[in-house]
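Results of the structural survey
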Amino acid sequence: MRAFVSLVLAVLCLLGLVLAGEMVAQVAIARAEGRPAVGLDLQGQLAIAMGLILVAGLWVTTAWRQHSDGKRRAVENARSERLRRLNDRLRLTNESLRESDKIKDDLLATTSHELRTPLTAILGFSEMLLDVPDSEARALAMRIQRGGQRLRNTVNGLLDMFKLQSGTLELVPEHIDVASQVRSIVGMLRPLAEERGLDLRVHPADLALPAHLDRDALERIVTNLVANALKFTTEGGVAVTVDATPEIVTVAVTDSGIGIAAEDVPSLFLPFTQASMGSERTHEGTGLGLAIVRQLVDLMGGEIHVESRVGVGTRIRVEFPRWASLPVSGGAPIHAPPSPALAGGKVFTLELPLDEVRVLLGHVGATGEVFAADTLPAGVEELQQSAYDAVFVGASDARTERKRTRRIRRIPGYSRTPLIRVGGGALDAATLQRHGFTHQISVPLREARFHHPRD
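Scoring rules and cut-offs
- Residues numbered from 1 in each chain as written.
- Predicted model: local features only at pLDDT ≥ 70, side-chain atom pairs only at ≥ 80, totals over all residues.
- Heavy atoms only, no water.
- Helix = DSSP H or I, 4+ residues; strand = E, 2+ residues; numbered from the N terminus.
- Buried < 20%, exposed > 50% of the residue type's maximum accessible area, 1.4 Å probe, protein only.
- Contact = heavy atoms within 4.5 Å.
- Areas by Shrake-Rupley, 256 points an atom, 1.4 Å probe, with all protein chains shown as cover.
- Pairing = 2+ DSSP bridges.
- Axes fitted to C-alpha atoms, helices over the stretch in contact; angles between N-to-C directions.
- Lys, Arg positive; Asp, Glu negative; His and termini not counted.
- Salt bridge = Lys/Arg side-chain N within 4 Å of Asp/Glu carboxyl O.
- Polar contact = N/O pair within 3.5 Å; in protein donor to acceptor, adjacent residues only side chain to side chain.
- Parallel < 35°, antiparallel > 145°, perpendicular 65-115°, else oblique.
- Left-handed = near helix turned anticlockwise from the far one by under 90°.
- Nonpolar A, V, L, I, M, F, W, Y, C, P; charged D, E, K, R; others polar.
- pLDDT = per-residue confidence, 0-100.
- Expected span 1.5 Å × (residues − 1).
- Bend = angle between axes of the 7 residues up to and from the residue.

Some points on the overall build of the protein
If you tally the helices and strands in the protein, you get ten helices and 14 strands. Taking all 455 residues of the protein together, 34% fall into the buried category. A sequence separation of at least 24 residues applies to 66% of the contacts in the protein between residues at least 6 apart. Accessible surface, the protein: about 27,000 Å² in total, of which carbon and sulfur atoms supply 57%.

What follows is the structure in structure tokens.
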């Protein structure tokens with residue numbers, strides 16, 4: 001019907017145009033003959049023609065708009081229907097994936113728990129067989145124990161991953177000495193390093209670093225990072241550095257291993273992933289260690305950073321809040337970190353009065369060491385040859401202090417060592433940092449109070 005009406009109006013429009021053209025021609029002829037060209041009949045015919053043209057034009061315009069709107073609505077309806085179908089398929093797929101993930105998690109948890117019981121018995125009996133006089137039996141028992149320990153580590157890793165992904169692992173922060181805890185963990189891994197002929201050290205070697213953290217989470221993080229570094233290192237060694245600001249704890253593990261290609265770094269913390277996979281895989285393991293580290297660091301509200309060069313080595317640094325879940329007092333968290341302990345530490349002094357050096361000798365005790373240098377060149381020479389847990393520098397003018405700290409920081413191994421400003425007026429935190437120091441003692445050392453682990 002609409003097409004018929006459009007055709008009729010088009011014909012009327014054409015007739016109107018013909019009529020208008022005829023009237024224009026008559027006017028032109030009349031003017032050429034000198035006769036009057038305007039008459040009431042001519043004007044009425046012209047009005048009728050123009051009216052027909054206008055009505056036809058309006059109808060054509062309206063019809064075109066309706067046609068365009070109809071096509072647009074049809075396209076939008078088709079797109080909406082397609083999106084609806086896609087959303088339905090996506091919803092069904094997500095439900096299927098959630099169900100599959102739940103089945104996988106349940107199977108993983110059940111299987112891991114079932115494996116632990118017989119595995120404990122196997123390891124226990126294999127340990128008993130290590131004492132038998134038969135050398136061949138002891139060798140077999142050793143192989144059984146190593147295989148059992150590897151399997152136990154895998155099971156524990158699977159259980160840890162299950163708890164982290166399911167959200168059932170809860171942190172229980174407590175007051176601990178992070179440096180002492182790290183040294184203890186590294187001590188348990190040192191036989192593995194010695195077996196591979198690698199050097200394994202912790203810096204600082206003796207100073208305390210109190211914090212309020214989850215002990216088990218810290219142990220898992222350090223164990224996985226150090227074990228992973230040892231696994232991918234064939235010569236040289238692994239260094240573990242512990243440091244802290246008043247708010248942040250930092251644990252860095254640096255190795256001289258095979259390194260990681262830049263394109264492999266983004267997938268480094270994915271479960272069951274290693275840089276070498278499939279037939280090209282060169283190192284054993286499940287690929288769960290670093291994935292667990294990432295999950296634990298995230299759970300602790302921290303960050304993880306990776307620096308690596310192929311053939312040179314890798315440095316993985318984790319940072320997390322130092323005073324997690326401390327009780328509040330007066331509506332504000334308690335942030336009162338005690339001074340580090342010096343007992344048993346190895347400290348270096350630069351341009352300190354002799355009586356101040358004697359005070360430090362009393363703090364480090366019989367098992368500690370204090371080295372005193374009177375000039376910067378002598379101090380730099382000593383620092384290049386030995387590793388110290390902390391450096392005490394006598395206060396001076398701003399230019400001299402910045403020169404000293406910059407020179408010390410450029411010495412390998414001293415980029416994060418505590419640099420303590422002794423004497424002079426107290427500086428605000430920003431100025432102290434600009435001068436290159438991490439701490440300051442503005443009172444005489446004999447009046448300074450140092451925290452000891454037994455306090």
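Here's the deal with the sheet that holds strand 4 (residues 237–244)
Read from one edge of the open sheet, five strands run 2-4-5-7-6, paired in mixed fashion. Strands with a single pairing partner mark the edges of an open sheet, and in this sheet they are strand 2 (199–203) and strand 6 (303–309). Neighbour to neighbour, the strand axes of the sheet diverge by 10° on average, direction disregarded. Sheet topology places strand 5 (residues 248–255) next to strand 7 (residues 313–321); eight bridges connect them, and they run antiparallel. Looking at strand 7, one finds that threonine 254 is bridged to arginine 315.

A few points about the sheet that holds strand 14 (residues 439–441)
Pairing is parallel in the open sheet, where five strands are placed in the order 11-10-12-13-14. This sheet does not close on itself; its edge strands, each paired only once, are strand 11 (369–373) and strand 14. Averaged over all adjacent pairs, the angle separating strand axes in this sheet is 20°, with direction ignored. As paired strands, strand 13 (residues 419–422) and strand 14 are joined by three bridges and run parallel to one another. By the bridge assignment, isoleucine 420 is partnered in strand 14 with histidine 439.

What about the side chain of aspartate 214?
If you trace the backbone, aspartate 214 turns up in strand 3 (residues 210–214). As a buried residue without a salt bridge, aspartate 214 has its nearest oppositely charged side chain in arginine 220, at a separation of 6.3 Å. Among the polar contacts made by the side chain of aspartate 214, one reaches the main-chain amide nitrogen of aspartate 216 at a distance of 3.0 Å. Only 2.7 Å separates the side chain of aspartate 214 from the backbone nitrogen of alanine 217, close enough to count as a polar contact. Sequence-distant contacts of aspartate 214, that is, excluding residues within four places in its chain, are made with Glu170, Leu171, Val172 and Pro173.

Some words on the pattern of salt bridges
Here the structure, examined in full by the defined rule, presents nine salt bridges. A salt bridge links glutamate 319 to arginine 317; the shortest N-O distance between them is 3.1 Å. A residue is classified by how much of its surface remains accessible, and arginine 317, at 14% relative accessible area, is buried. One connected set of salt bridges, linked through shared partners, spans Glu81, Arg84, Arg85 and Asp88.

Quick word on the packing of helix 8 (residues 376–385) against helix 9 (residues 398–409)
Between helix 8 and helix 9, the shortest axis-to-axis distance is 10 Å and the interhelical angle comes to 20°. As judged from the angle between their axes, helix 8 and helix 9 are roughly parallel. For the pair helix 8 and helix 9, the crossing hand works out as right-handed. Contacts between helix 8 and helix 9 pair Leu376, Val380, Leu383 and Gln384 from the former with Lys403, Arg404, Arg407 and Ile408 from the latter. Residue classes in the contact of helix 8 with helix 9 are distributed as four nonpolar, one polar and three charged.

Regarding the pairing of strand 5
Side-chain direction in a regular strand flips from residue to residue, so the side chains alternate between the two faces of the sheet. Extensive coverage of strand 5 is indicated by the burial of six of its eight residues. As defined by bridge partners, strand 4 adjoins strand 5 across seven bridges and the pair is classed as antiparallel. Bridge pairing links valine 242 to valine 251 in strand 5. If you look at the hairpin formed by strand 4 and strand 5, you'll find three residues sitting between the two strands.

Observations regarding unusual backbone geometry
The backbone of glutamate 351 sits at a positive phi, close to 55°, despite the residue not being glycine. With respect to the helices and strands, the residue glutamate 351 is situated in the loop between strand 10 (346–350) and helix 7 (354–364). Residue classification places glutamate 351 among the partly exposed positions, given a relative accessible area of 31%.

Some points on the confidence of the model for the protein
With 70% of its residues at a pLDDT of 70 or more, the protein shows a mean pLDDT of 76. Across residues 327–340, where pLDDT falls below 50, the model places 19 contacts with residues more than four positions away in sequence or in other chains. Within the model, pLDDT remains below 50 along residues 451–455, and this stretch shows twelve contacts once partners closer than five positions in the same chain are excluded.

Digging into helix 4 (residues 178–195)
Taking 1.5 Å per residue as the helical rise, helix 4 with its 18 residues ought to reach 26 Å, and the 26 Å between its terminal C-alpha atoms agrees with that figure. Helix geometry: helix 4 is bent most strongly at leucine 189, by close to 40°, with proline proline 191 lying one to four residues after it. When helix 4 is considered as a whole, its buried residues turn out to be Val178, Ala179, Gln181, Val182, Ile185, Val186, Leu189 and Ala193. On the buried face of helix 4, the contacting elements are strand 1 (173–177), strand 2, strand 3, helix 5 (215–231), strand 4 and strand 5. Capping the start of helix 4 is the job of one residue whose side-chain oxygen sits 3.2 Å from the backbone nitrogen of alanine 179: aspartate 177. Of the residues flanking the end of helix 4, it is glycine 197, one or two places downstream, whose phi is positive at about 70°.

Notes on the packing of helix 5 against helix 6 (residues 289–299)
Orientation of helix 5 relative to helix 6, taken along the N-to-C sense of each, is 145°, at an axis distance of 9 Å. Here helix 5 runs over helix 6; the crossing is left-handed. Two secondary-structure elements touch here, helix 5 through Ala217, Arg220, Ile221, Asn224, Leu225 and Asn228 and helix 6 through Gly289, Leu290, Ile292, Val293, Leu296 and Val297. Looking at the contact of helix 5 with helix 6 residue by residue, the classes come out as eight nonpolar, three polar and one charged.

Details of helix 6
Among all positions in helix 6, only Leu290, Ala291, Ile292, Val293, Leu296 and Val297 are buried. Looking one or two places after helix 6, you find glycine 301, whose phi comes out positive at around 75°.

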